[in-house]
There are 2 protein chains.
Amino acid sequence: MKWKRSERLVDMTRHLLDYPHQLIPLTFFSERYQSAKSSISEDLTIVKETFESKGAGKLLTVAGAAGGVKFIPKMAEEDVRDIVTYLMNKLDEQDRLLPGGYLFMGDLLGNPRLMDRIGKVFASAYAETDIDVIMTVATKGIPIAHAIARHLNIPVVVVRGDNKVTEGSTVSINYVSGSTRRIQTMVLSKRSMQSGQKVLLTDDFMKAGGTMMGMKNLLEEFDCELAGIAVLIEAEHHEEVLVEQYLSLAKLCSVNEKARTIELTEGNYFSKGGN
Amino acid sequence: MKWKRSERLVDMTRHLLDYPHQLIPLTFFSERYQSAKSSISEDLTIVKETFESKGAGKLLTVAGAAGGVKFIPKMAEEDVRDIVTYLMNKLDEQDRLLPGGYLFMGDLLGNPRLMDRIGKVFASAYAETDIDVIMTVATKGIPIAHAIARHLNIPVVVVRGDNKVTEGSTVSINYVSGSTRRIQTMVLSKRSMQSGQKVLLTDDFMKAGGTMMGMKNLLEEFDCELAGIAVLIEAEHHEEVLVEQYLSLAKLCSVNEKARTIELTEGNYFSKGGN
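A brief look at the structure comes next. (Residues numbered from 1 in each chain as written. Chains lettered and ligands numbered in written order. Predicted model: local features only at pLDDT ≥ 70, side-chain atom pairs only at ≥ 80, totals over all residues. Heavy atoms only, no water.)

### A word on the sheet that holds strand β11 (residues 246-256) of chain A
Residue and element names in this part refer to chain A.
Next, step 1: The 6 strands are arranged β6-β5-β9-β10-β11-β12 in an open sheet whose pairing can be described as mixed. What marks the edges here is a single partner per strand, and that holds for β6 (156-159) and β12 (261-266). The mean inter-strand angle of the sheet, taken between neighbouring strand axes irrespective of direction, is 25°.
Next, step 2: Pairing geometry for β11 and β12, over 6 bridges, is antiparallel. By the bridge assignment for β12, Ala250 is matched with Glu266.
Next, step 3: Running at roughly 170° to β12, helix α4 (residues 77-91) makes contact with β10 (225-235), β11 and β12 of the sheet.
Next, step 4: Sitting on the sheet, helix α6 (residues 112-125) is in contact with β10 and β11, with an inclination near 130° to β11. (Pairing = 2+ DSSP bridges. Helix = DSSP H or I, 4+ residues; strand = E, 2+ residues; numbered from the N terminus. Axes fitted to C-alpha atoms, helices over the stretch in contact; angles between N-to-C directions. Contact = heavy atoms within 4.5 Å.)

Take a look at the structure:
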């Protein structure tokens, strides 16, 4: 049965959003909708223009026999600003303050809509970077890693602090936690990555960067390359951060436990290459 | 500027998919598109019919002054079957077999597209259930919990095996792991849940159900109610499983380490209330 244009537009939009960063041949759509390729091309032009004017992302058209169309999630800068502002307002809530100057973030990391938006923010920044895998460390980086991964259409690998039987053979390294100076262990299943892969590191929080350095060292054990570092919140640190070329959405400047105040600024996302 | 119908359909589809289980007033769309409510209603009828015929989900219309439209993700049974079949074929791969008869699942749990589909499968089954929160236990249940949560528009809480400073005050319980009979601890941040909330439990794997029982006991400490249990893979167990009313997608019947064979069947999803 031949589909009407209006039905095709709805279904096509859904399909493209469901398969980001994936080349879809025009024949897929023309067969699905029993419609001529010329009609499909016109549909795609409408989708493309609407996506681009409303900040959903880009629609790349690849010409030729092996061609097709690819949806690249890209968030408009004003939408990124809205999310960063929302995040900073949330982080600024006094009752997040925990003993030791830590901030409670469980509700934010457990908010699937917020994680999805943050995933799209980082996926926008790394849309043109060649990335094969996203790596994070258990537990709190996992929702962020998955959110970014879904928008970039790449797998997630999770580094653990302990060795579990369900991981099979593993590679482990020791690293020094940047802020506490304690020696810790990182374990990653051998079959998680292949040599030569390009890896984006991500985590919810970074202070001295010790955990990131640990992951970076782990990459070397796997003969993999660092493709970038995405951090939700970085904390002001008196010494130099151990890693470079990271993007952060917010920066925790200072916490006063006695006065119960939290001082935050924007992260380096806008200055360092986001959008 | 007034939008054309074709542009409205594309943007409206994207917006509805982005906000599942959330009531969107018609005025939101009529203001966004500078269009009459009657046009918006016609658009929504097209979206509704396309979503329903292609197995994307349902579009509920709520009449009256406080009315609007709500997108309920619902997967068609044939699509659920495709995912269960895919999952079982993947699990059946010999090289997943680990010493002790465990199966390596890191690649599946790290596949964001698969997690998203599995999340939608469970969100379809629980679409009409009153659920406030999804609870899982670190680490491997997290991607599944977030995927379900995103399609149901509810938050995730993560139970840990250890106490971390970043959790604030916590409630902890001891439980007996069903298969190893060891006593273990579960810790949950006090501010994660409020009394009276209805909670869906989820995890990647369930054998005797000890971990699920532990989470169930934890719910009681918070005066919360069990709303359901969603398990990716259950394992055949010689005794009765400790919890009832769970849904599973696949069942691991037996593993022969010497012959390197894995025997799997469908879980109870299709017989016990999915779709």
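Now that the structure has been shown, we can carry on.
### Digging into the relation of the copies chain A and chain B
Next, step 1: Its rotation angle being 180°, the transformation that places chain A on chain B also includes 0.0 Å of axial translation and leaves an RMSD of 0.0 Å. Both chain copies can therefore be described as sitting about a two-fold axis.
Next, step 2: Most of the interface of chain A is mirrored in chain B, where 100% of its interface residues again form contacts. (Least-squares fit on C-alpha atoms with pLDDT ≥ 70 in both.)

### What about empty space enclosed by the protein?
Next, step 1: A full pass over the atoms with the stated rule returns 2 cavities of 30 Å³ or more.
Next, step 2: A volume near 660 Å³ is recorded for the largest cavity.
Next, step 3: What lines the largest cavity is a set of 33 residues, among which Leu17, Asp18 and Arg150 of chain A together with Leu17 and Asp18 of chain B lie closest to the centre.
Next, step 4: Of all the secondary-structure elements, those providing two or more residues to the lining of the largest cavity are α1 (5-18), β2 (68-73), α6 and α7 (142-152) of chain A together with α1 (5-18), β2 (68-73), α6 (112-125) and α7 (142-152) of chain B.
Next, step 5: Its residues assigned to classes, the lining of the largest cavity comprises 13 nonpolar, 6 polar and 14 charged.
Next, step 6: The calculated volume of the second largest cavity comes to roughly 130 Å³.
Next, step 7: Mapped by element, the contributors of at least two residues to the lining of the second largest cavity are α6 and α7 of chain A together with α6 and α7 of chain B.
Next, step 8: Grouping the constituent residues of the lining of the second largest cavity by class yields 10 nonpolar, 2 polar and 4 charged. (1 Å grid on protein atoms, 1.4 Å probe; cavity = no way out; pocket = protein on both sides within 12 Å on 5 of 7 lines; lining within 4 Å. Points joined across faces, edges and corners; volume = space filled by probe spheres on them. Nonpolar A, V, L, I, M, F, W, Y, C, P; charged D, E, K, R; others polar.)

### Here we look at the packing of α1 of chain A against helix α2 (residues 26-33) of chain A
Residue and element names in this part refer to chain A.
Next, step 1: For the pair α1 and α2, the least separation of the axes is 12 Å and the interaxial angle reads 140°. What the angle tells us is that α1 and α2 run oblique. Two packed elements cross with a definite hand, and for α1 against α2 that hand is right-handed. Taking contact as the criterion, the partners of Arg8, Asp11, Met12, Arg14, His15 and Leu16 in α1 are, on α2, Phe28, Phe29, Arg32 and Tyr33. (Parallel < 35°, antiparallel > 145°, perpendicular 65-115°, else oblique. Left-handed = near helix turned anticlockwise from the far one by under 90°.)

### Remarks on the packing of aromatic side chains
Given two aromatic rings, one states the distance between the centres and the angle between the planes to describe the pair.
Next, step 1: Per the stated rule, a full pass over the model turns up 12 aromatic pairs over all chains.
Next, step 2: Both rings, one in Phe122 of chain A and one in Tyr269 of chain A, keep their centres 6.2 Å apart while their planes meet at 75°; by these two values the pair is edge-to-face. Here Phe122 of chain A, found in helix α6, pairs with Tyr269 of chain A, found in the segment after β12; they are 147 residues apart in sequence, far enough to count as distant.
Next, step 3: For the pair Phe29 of chain B and Tyr33 of chain B, a centre-to-centre distance of 5.9 Å together with 10° between the ring planes defines the contact as stacked. Of this pair, Phe29 of chain B and Tyr33 of chain B both sit in helix α2 (residues 26-33), separated by 4 residues, roughly a single helical turn. (Phe/Tyr/Trp six-rings, centres within 6.5 Å; stacked < 30°, edge-to-face > 60°.)

### Side note on the interface of chain A and chain B
Interfaces are often sized by the accessible area lost when the parts come together.
Next, step 1: Taken together, the contact pairs 51 residues of chain A with 51 residues of chain B.
Next, step 2: Counting the contacts that link chain A with chain B gives 2 salt bridges.
Next, step 3: In this structure, Arg117 of chain A engages Asp18 of chain B in a salt bridge whose closest nitrogen and oxygen atoms are separated by 3.8 Å.
Next, step 4: Taken together, the links from chain A to chain B amount to 14 residue pairs in polar contact (both at pLDDT 80 or more).
Next, step 5: Going through the elements one at a time, α1, α3 (37-53), α6, α7 and β6 of chain A are the ones with two or more residues in the side of chain A that touches chain B. (Salt bridge = Lys/Arg side-chain N within 4 Å of Asp/Glu carboxyl O. Polar contact = N/O pair within 3.5 Å; in protein donor to acceptor, adjacent residues only side chain to side chain.)

### Things to note about the pattern of salt bridges
Pairing of side chains with opposite charge becomes possible as their charged atoms draw close.
Next, step 1: Overall, the coordinates contain 40 salt bridges over all chains when judged by the stated rule.
Next, step 2: Between Arg5 of chain B and Glu42 of chain B there is a salt bridge, with its nearest N and O atoms 3.2 Å apart. Placement of Arg5 of chain B in helix α1 and of Glu42 of chain B in helix α3 (residues 37-53) is noted, with a sequence separation of 37 residues between them.
Next, step 3: Of the charged contacts, one joins Arg96 of chain B and Asp107 of chain B as a salt bridge, the two residues approaching to 2.8 Å between their closest N and O atoms. Within this pair, whereas Arg96 of chain B is found in the loop between α4 (77-91) and β3 (97-98), its partner Asp107 of chain B is found in helix α5 (residues 106-109), the two being separated by 11 residues in sequence.
Next, step 4: Under the relative-accessibility criterion, Arg96 of chain B is labelled buried at 2%.
Next, step 5: What you see here is one network of salt bridges that share partners, running through Arg5, Arg8, Glu42 and Asp43 of chain A. (Buried < 20%, exposed > 50% of the residue type's maximum accessible area, 1.4 Å probe, protein only.)

### Focus on the sheet that holds strand β5 (residues 133-137) of chain B
Residue and element names in this part refer to chain B.
Next, step 1: One open sheet accounts for 6 strands, arranged β6-β5-β9-β10-β11-β12; its pairing is mixed. The open sheet terminates on both sides in strands that have one partner only, identified here as β6 (156-159) and β12 (261-266). For this sheet, the mean angle separating the axes of adjacent strands, direction not counted, is 25°.
Next, step 2: Summarising the sheet, β5 and strand β9 (residues 198-206) pair through 3 bridges and their orientation is parallel. Bridge pairing in β9 links Met135 to Leu201.
Next, step 3: Sheet strands in contact with α6 are β10 (225-235) and β11 (246-256), and its direction is about 130° off that of β11.
Next, step 4: Contacts from helix α8 (residues 210-221) reach β5, β6, β9 and β10, with the element oriented near 160° to β9.

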